Amino acid sequence: MAETRAKLAEIDPVWARIMQEAEDAVVDEPLLGGLIHYSVLHHPTLERALSYRVSLKLANGEMSEQIVREICDEAYNSEPDLAMAARADITATYERDPACHRFLQPLLFFKGFQAIQAHRIANWLWKEGRKDLSYFFQMRCSEVFGIDIHPAATIGRGIMIDHAHSIVIGETAVVGDNVSMLHSVTLGGTGKEEEDRHPKIGNGVLIGAGAKVLGNIHVGHCSRIAAGSVVLEEVPPCTTVAGVPARIVGKAGCDQPSVEMDQLLRSNT
């Protein structure tokens with residue numbers, strides 16, 4: 001067993017750590033043994049565990065858990081980047097969320113992580129031309145997690161959504177890599193136009209709780225959007241914007257705002 005664990009840790013360190021944490025969790029809280037075995041320990045790979053977890057959450061009387069799981073398995077088998085992005089999301093959540101103490105937690109308990117993984121499958125379906133099925137995934141994510149992401153929206157790797165309630169991301173929105181956002185963020189449009197109408201968020205951006213970014217505008221890499229702001233204009237890289245409407249109030253304050261998660265506005269930023 002030790003040799004198997006060592007080989008797994010070398011091949012897939014994220015999954016190896018989740019497996020070890022799952023075994024420890026069963027010892028610490030036997031009442032969760034069934035949930036942890038079915039969600040983690042019964043599966044040979046993270047991909048299979050993700051398929052199980054997503055299908056368990058999204059299945060309903062209109063579409064069975066088995067069918068949803070087959071769709072998820074197909075997606076992970078066809079597009080390996082989906083699970084690689086999930087690994088990056090787990091690592092990002094662990095590193096940035098002070099309430100996350102184990103890699104196991106996002107997979108089992110955090111709806112922001114779970115909703116992003118469900119969206120990634122919906123986005124795969126959209127690209128495959130299976131749009132009605134992708135809308136089903138969007139609908140169920142909205143109903144189950146309280147997060148509404150259009151299946152056509154493009155979302156990068158290393159995403160951390162803290163608390164994750166009432167997130168809205170529109171059809172033509174693009175979210176870069178290593179972005180962190182808090183609850184009640186909207187990446188929306190400004191009217192009824194059907195063309196490219198949603199924000200483009202650069203890499204390493206931190207978006208505070210309740211912020212609204214509206215229209216086909218660019219938010220530059222490694223910038224910060226203060227909580228409660230309404231952003232209607234372009235945001236240069238490495239700056240902080242705040243207010244309604246948002247205005248530049250200083251520099252970003254650090255090289256990686258999305259990692260530092262520092263939301264305080266200081267006079268020297």
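Here, every reference points to the structure presented above.
Summary of the structure given here. No experiment lies behind these values; they were computed from the predicted model shown.

Now for a nonpolar patch on the surface. Residues Leu-32, Leu-35 and Phe-109 make up a contiguous nonpolar surface patch of roughly 230 Å² in combined accessible area. Secondary-structure assignment places Phe-109 in helix 7 (residues 104-109).

Enumeration over the complete set of coordinates arrives at three aromatic pairs. Taken together, a centroid distance of 5.5 Å and an interplanar angle of 85 degrees make the contact between Trp-126 and Tyr-135 edge-to-face. Residue classification places Trp-126 among the buried positions, given a relative accessible area of 15%. Judged by its relative accessible area of 36%, Tyr-135 is partly exposed. A cation over a ring is seen here: Arg-17 above Tyr-94, with NZ or CZ 4.6 Å from the ring centre. Across the ring face of Trp-126, the terminal group of Lys-131 is positioned such that the distance to the ring centre comes to 4.5 Å.

Next up on the list: the packing of helix 8 (residues 111-127) against helix 9 (residues 131-145). Close contact between helix 8 and helix 9 brings their axes to 8 Å; oriented N to C, the two are set at 170 degrees. Considering their axes alone, helix 8 and helix 9 lie roughly antiparallel with respect to each other. Contact residues: Lys-111, Gln-114, Ala-115, Ala-118, Ile-121, Ala-122, Leu-125 and Trp-126 in helix 8; Lys-131, Leu-133, Ser-134, Tyr-135, Phe-137, Cys-141 and Phe-145 in helix 9. Of the residues that constitute the contact of helix 8 with helix 9, the class distribution is 11 nonpolar, two polar and two charged.

Successive side chains on a regular strand alternate, one facing one side of the sheet and the next facing the other. With burial as the criterion, each face of strand 14 (residues 239-242) is covered, one bearing Thr-239 and Val-241 and the other bearing Thr-240 and Ala-242. Pairing of strand 12 (residues 224-225) with strand 14, which is carried by two bridges, proceeds in the parallel orientation. The partner of Ile-225 across the bridge, within strand 14, is Val-241. With four bridges connecting them, strand 14 and strand 15 (residues 247-251) associate as antiparallel partners. What sits directly across from Ala-242, in strand 15, is Arg-247. A loop of four residues connects strand 14 with strand 15, the two strands running antiparallel in sequence, and Gly-243 in this loop sits at a positive phi of about 110 degrees.

With 16 residues, helix 6 (residues 81-96) ought to run about 22 Å at 1.5 Å a step, and its terminal C-alpha atoms sit 22 Å apart, in line with that. Listed in full, the buried residues belonging to helix 6 are Leu-82, Ala-83, Ala-85, Ala-86, Arg-87, Asp-89, Ile-90, Ala-92, Thr-93 and Arg-96.

Attention now moves to the sheet that holds strand 8 (residues 200-201). The four strands lie next to each other as 2-5-8-11, forming an open sheet whose pairing is parallel. Only two strands of the sheet have a single partner each, and these edge strands are strand 2 (154-155) and strand 11 (218-219). Pairing of strand 8 with strand 11 involves two bridges; the strand directions are parallel. When the bridges of strand 11 are listed, Lys-200 appears paired with His-218.

Rules and cut-offs
Residues numbered from 1 in each chain as written. Predicted model: local features only at pLDDT ≥ 70, side-chain atom pairs only at ≥ 80, totals over all residues. Heavy atoms only, no water. Patch = residues over 30% accessible without salt bridge, like charges linked within 9 Å, V, L, I, M, F, W, Y side chains within 5 Å. Areas by Shrake-Rupley, 256 points an atom, 1.4 Å probe, with all protein chains shown as cover. Salt bridge = Lys/Arg side-chain N within 4 Å of Asp/Glu carboxyl O. Helix = DSSP H or I, 4+ residues; strand = E, 2+ residues; numbered from the N terminus. Phe/Tyr/Trp six-rings, centres within 6.5 Å; stacked < 30°, edge-to-face > 60°. Buried < 20%, exposed > 50% of the residue type's maximum accessible area, 1.4 Å probe, protein only. Lys NZ or Arg CZ within 6 Å of the ring centre and 35° of its normal. Axes fitted to C-alpha atoms, helices over the stretch in contact; angles between N-to-C directions. Parallel < 35°, antiparallel > 145°, perpendicular 65-115°, else oblique. Contact = heavy atoms within 4.5 Å. Nonpolar A, V, L, I, M, F, W, Y, C, P; charged D, E, K, R; others polar. Pairing = 2+ DSSP bridges. Expected span 1.5 Å × (residues − 1).

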